[in-house]
Amino acid sequence: MNDYILTLSCPDRTGIVHNVSGWLLGLDGNIIDAQQFGDLETERFFLRVHFMLPSAMSVDALEQSFSTVAQRFAMQAQIYDAQRKSRLLLLVSRQGHCLNDLLFRTHSGQLPVEIAGIVSNHTDYARMAAAYRIPFHHLPVTGETRPQQEQQILDLVEKENVDLVVLARYMQILSDNLCQKLTGRAINIHHSFLPSFKGARPYHQAHTRGVKIIGATAHYVTADLDEGPIIEQDIERVDHSMGAHDLTQVGSDVESLVLARAVRWHVEHRILLNGQRTVVFK
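A few points on the structure. Chains are numbered independently. Their residues run from 1 in the order of the written sequence. Given that this is a predicted model, residues contribute local features only at a pLDDT of at least 70 and side-chain atom pairs are listed and counted only at 80 or more, while totals for whole chains, interfaces and linings are drawn from all residues. Values reported for side chains reflect all heavy atoms of the structure, with hydrogen atoms and water molecules removed beforehand.

**Describing the sheet that holds strand β1 (residues 3-11)**
We count it as follows: Strands are labelled as partners when DSSP assigns at least two bridges between them. Runs of E in the DSSP output that reach at least two residues are strands. Runs of H or I that reach at least four are helices, and both are numbered from the N terminus. Inter-axis angles, ranging from 0 to 180 degrees, are taken between N-to-C directions of lines fitted to C-alpha atoms, where helices are fitted over the stretch in contact. Only heavy atoms matter for contacts: two residues are in contact if any of them lie within 4.5 Å across the pair.
The strand order across the open sheet formed by 4 strands is β2-β3-β1-β4, and the pairing between neighbours is antiparallel. Strands with a single pairing partner mark the edges of an open sheet, and in this sheet they are β2 (30-39) and β4 (76-81). Mean inter-strand twist for the sheet, computed between neighbouring axes without regard to direction, equals 10 degrees. As judged from the 9 bridges shared by β2 and strand β3 (residues 44-52), these two strands associate in the antiparallel manner. Residue pairing in the sheet places Q36 in a bridge with L47 of β3. The strands that helix α2 (residues 59-72) touches are β1, β3 and β4; relative to β4, the one it contacts most, it runs at about 150 degrees.

**A look at helix α5 (residues 146-159)**
Each α-helix winds once per 3.6 residues, and so residues spaced three or four apart point in a common direction. We count it as follows: Helix span is expected to be 1.5 Å times the residue number reduced by one. Under the scheme applied here, a residue whose accessible area is under 20% of the maximum for its type counts as buried, over 50% as exposed, and between as partly exposed, the area being computed with a 1.4 Å probe on protein chains only. The arc in question is the one spanned by the directions pointing from the helix axis to the C-beta atoms.
Here α5 contains 14 residues, and its C-alpha end-to-end distance of 20 Å stays within 8% of the 20 Å for a straight helix at 1.5 Å per residue. Residues Q149, E150, I153, L154, L156 and V157 constitute the buried set of α5. For α5, the arc enclosing every buried residue in end-on projection is 155 degrees, short of the 170-degree limit, so these residues lie on one face. The outward face of α5, more than 90 degrees from its buried face, is lined by the exposed residues P147, E158 and K159. Against β5 (86-92), β6 (113-120), β7 (136-138), β8 (164-167) and α6 (176-181) lie the buried residues of α5. After α5 finishes, the residue N161 shows a positive phi value of roughly 55 degrees.

**Observations regarding the sheet that holds strand β9 (residues 186-190)**
The sheet built from 7 strands is open, its strands ordered β7-β6-β5-β8-β9-β10-β11 with mixed pairing. For this open sheet the edge positions go to β7 and β11 (230-237), each flanked by a neighbour on one side alone. Neighbour-to-neighbour, the strand axes of this sheet turn through a mean angle of 20 degrees, independent of strand direction. As judged from the 4 bridges shared by β5 and β8, these two strands associate in the parallel manner.

**What about unusual backbone geometry?**
Its identity as a non-glycine residue notwithstanding, D28 has a phi of 60 degrees, on the positive side. Along the chain, D28 falls in the loop between α1 (16-26) and β2. For D28, a relative accessible area of 60% gives the class exposed. Positive phi outside glycine occurs at E43, with the angle close to 55 degrees. For E43, the position within the fold is in the loop between β2 and β3.

**Description of the nonpolar core**
Using the following cut-off: Joining through side-chain atoms within 4.5 Å is the link that ties buried Ala, Val, Leu, Ile, Met, Phe, Trp, Tyr and Cys residues into a set, and such a set is a nonpolar core.
Counting residues in each nonpolar core, the largest one holds 38 residues, and the members touching the most others are L90, L102, L259 and V263. Those elements giving two or more residues to this core turn out to be β5, α3 (97-107), β6, β8, β9, β10 (213-220) and α8 (244-267). In terms of residue count, the dominant contributor to this core is α8 (10 residues). Among the nonpolar cores identified, the runner-up in size contains 21 residues, and L8, C10, V69 and M75 belong to it.

**Structural notes on the packing of aromatic side chains**
Any two aromatic rings considered together are summarised by their centre-to-centre distance and by the angle between their planes. As a reminder of what qualifies: Ring pairs shown here join Phe, Tyr and Trp side chains whose ring centres sit within 6.5 Å, with only the six-membered ring taken for Trp; geometry is labelled stacked below 30 degrees between planes, edge-to-face above 60, and tilted in between.
Counting across every chain of the model gives 4 aromatic pairs. Between the aromatic rings of W23 and F66, the centroid separation amounts to 4.8 Å while the plane-to-plane angle is 65 degrees, which identifies the pairing as edge-to-face. Highlighted residues: W23 in helix α1 and F66 in helix α2, separated in sequence by 43 residues. Across this residue pair, the class does not change: W23 and F66 are buried. Cluster of aromatic residues (ring-pair linked, three or more members): Y4, W23, F51 and F66.

**Notes on the layout of surface pockets**
Note the following rule: Cavity: a set of points on a 1 Å grid over the protein atoms alone where a 1.4 Å probe fits but cannot get out. Pocket: an open set with protein on both sides within 12 Å along at least five of seven lines, its lining residues, like those of a cavity, having an atom within 4 Å of a point. Grid points are joined across faces, edges and corners, and a volume is the space filled by probe spheres set on the points. Each residue gets one label: Ala, Val, Leu, Ile, Met, Phe, Trp, Tyr, Cys and Pro are nonpolar, Asp, Glu, Lys and Arg are charged, and the others, such as Gly, are polar.
Computed from the structure, the largest pocket encloses a volume of approximately 590 Å³. If you trace the largest pocket, you find 22 residues lining it, with Q78, Y80, H266, H269 and I271 closest to the centre. Counting only elements with at least two residues in the lining of the largest pocket, the list comes to β1, β4, α8 and β12 (271-274). It is β4 that contributes the most residues to the lining of the largest pocket, 4 residues altogether. Looking at the lining of the largest pocket, its residues break down into 9 nonpolar, 8 polar and 5 charged. Taken together, 20 residues form the lining of the second largest pocket, with Q172, I173, N188, L225 and D226 sitting closest to its centre. With 3 residues, β9 is the single largest residue contributor to the lining of the second largest pocket. Taken together, the residues of the lining of the second largest pocket break down into 10 nonpolar, 7 polar and 3 charged.

Written out as structure tokens, the structure reads:
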């Protein structure tokens, strides 16, 4: 199937959809799905088009063909081969629920990705990685060795042609340098609606405060800790009868689900950045 995905954002003005449709018509292309959004606040226009061509073309050739339209409207545009699976590098520490969920979804065909490897500063999930026949990289880190350890991560990203780094409960703060080099290519899962209950033992903090809902937030990684553009959030209701262990179990489920959604939407090229916010075409 010769299908592709075009995503773009640009200053909002008349004629954008007409010109994109005309370009596709010139290629004898057929639109499978199209979604658009005009932001009145930022005065920017966002578009995602899933289309099919009668014969295969390289992404480079398509981008060159589209460049005239892109330049005319000052577009930030990307074209992707819809059949190519994104390659992921998963980072984890000692809480494995998100890792386990992503591995199962990938192995069962629910998540259309390839996992290039698992990185951890501990060895807890080496056996799990082996069971799925995925390379496991034990990269311990201290304050003194952080620059070298992060360079090893970047080397893996380059060597394995990684498209997306997923912090699946990786309990280390990334340096500004690493965050900048992974801009738009790293997703983190946070254990609450940001910025509540930061730090260690979040569900114990929530239990102490008697919360009635708990949630999780998936966001892009930036140098501003836990303040990157939010991709997805969800909640579950809890009550007075539930202890900290119960909240932890509920929270783990929410975190896994929210992270899986964010990863899926990213690899399906449904997320466009809109300043510090995101446009997510579902």
